Amino acid sequence: MAASASIITRDTDKIGESTGNIYKSIAVISKRAKQIATDMKEELNGKLSEFASTVDNLEEIFENREQIEISKFYERMPKPTAMAIEEFANDEIYWRMNEPEKATESK
């Protein structure tokens, strides 16, 4: 992902342009960030599950270099929020507004 790992000042007017409302844009971005975070967590847990053991041996915990490298890789990745903002800015997120249901009049 090409998202920056550092903090960037964003123009709120540009963020709100595609939805017409900054709050709608933030809602779309936050939902996408949650999806990204969930996917990343599942992927990390899948990779770390290979190293799970039933024996709690302190020596094994400190000696497992592969597990440490995998964890460091995920720590260096951009945060899900930064990735979602980048996707939203590049129009890579499909979103739509739900139409409110019209109440039918009963006679």
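Look a little higher up for the structure.
I will try to describe carefully the structure that is included in this document. Given the structure is predicted, the values throughout are model-derived calculations rather than measurements.

## Concerning the packing of aromatic side chains
Working step 1: Per the stated rule, a full pass over the model turns up 1 aromatic pair.
Working step 2: Look at Phe73 and Tyr74: their rings are 5.5 Å apart centre to centre, the planes differ by 90°, and that puts the pair in the edge-to-face class.
Working step 3: Here Phe73 falls in the partly exposed class, since its relative accessible area comes to 45%.

## Some words on the side chain of Thr19
Working step 1: Topologically, Thr19 is positioned in the loop between helix H1 (12–17) and helix H2 (22–48).
Working step 2: In this structure Thr19 comes out as buried when scored by relative accessible area, which is 13%.
Working step 3: Within the structure, Thr19 has its side chain in polar contact with the side chain of Ser25 (distance 2.6 Å).
Working step 4: If near-sequence neighbours (up to four positions away) are discounted, Thr19 is found in contact with Lys24, Ser25, Phe88 and Trp95.

## Comments concerning the packing of H2 against helix H5 (residues 80–89)
Working step 1: In the contact formed by H2 and H5, the axes pass within 8 Å of each other and the chain directions differ by 130°. In terms of their interaxial angle, H2 and H5 are classed as oblique. In this structure, H2 crosses over H5, and the sense of that crossing is right-handed. Here Ser25, Val28, Ile29, Arg32, Ala33, Ile36, Ala37 and Met40 of H2 lie close against H5, whose contacting residues are Pro80, Thr81, Met83, Ala84, Ile85, Glu87 and Phe88.

## Some points on the environment of Lys14
Working step 1: Of note, Lys14 is situated in helix H1.
Working step 2: Residues Lys14 and Ser25 lie 11 residues apart in sequence; the distance between their C-alpha atoms is 9.9 Å.

## Topic: the pattern of salt bridges
Working step 1: Within the structure shown, the criterion is met by 3 salt bridges.
Working step 2: Notably, a salt bridge pairs Arg10 with Glu86, separated by 3.5 Å at the nearest N-O pair. Here Glu86 lies in helix H5 and Arg10 lies in the segment before H1, a separation of 76 residues in the sequence.
Working step 3: The salt bridge partner of Arg32 is Glu87, with a shortest N-O separation of 2.7 Å. Of this pair, Arg32 sits in helix H2 while Glu87 sits in helix H5; the two residues are 55 residues apart in sequence, bridging distant segments of the chain.
Working step 4: Looking at Arg32, the relative accessible area reads 24%, which means it is partly exposed.

So, how was this worked out
- Residues numbered from 1 in each chain as written.
- Predicted model: local features only at pLDDT ≥ 70, side-chain atom pairs only at ≥ 80, totals over all residues.
- Heavy atoms only, no water.
- Phe/Tyr/Trp six-rings, centres within 6.5 Å; stacked < 30°, edge-to-face > 60°.
- Buried < 20%, exposed > 50% of the residue type's maximum accessible area, 1.4 Å probe, protein only.
- Helix = DSSP H or I, 4+ residues; strand = E, 2+ residues; numbered from the N terminus.
- Polar contact = N/O pair within 3.5 Å; in protein donor to acceptor, adjacent residues only side chain to side chain.
- Contact = heavy atoms within 4.5 Å.
- Axes fitted to C-alpha atoms, helices over the stretch in contact; angles between N-to-C directions.
- Parallel < 35°, antiparallel > 145°, perpendicular 65-115°, else oblique.
- Left-handed = near helix turned anticlockwise from the far one by under 90°.
- Salt bridge = Lys/Arg side-chain N within 4 Å of Asp/Glu carboxyl O.

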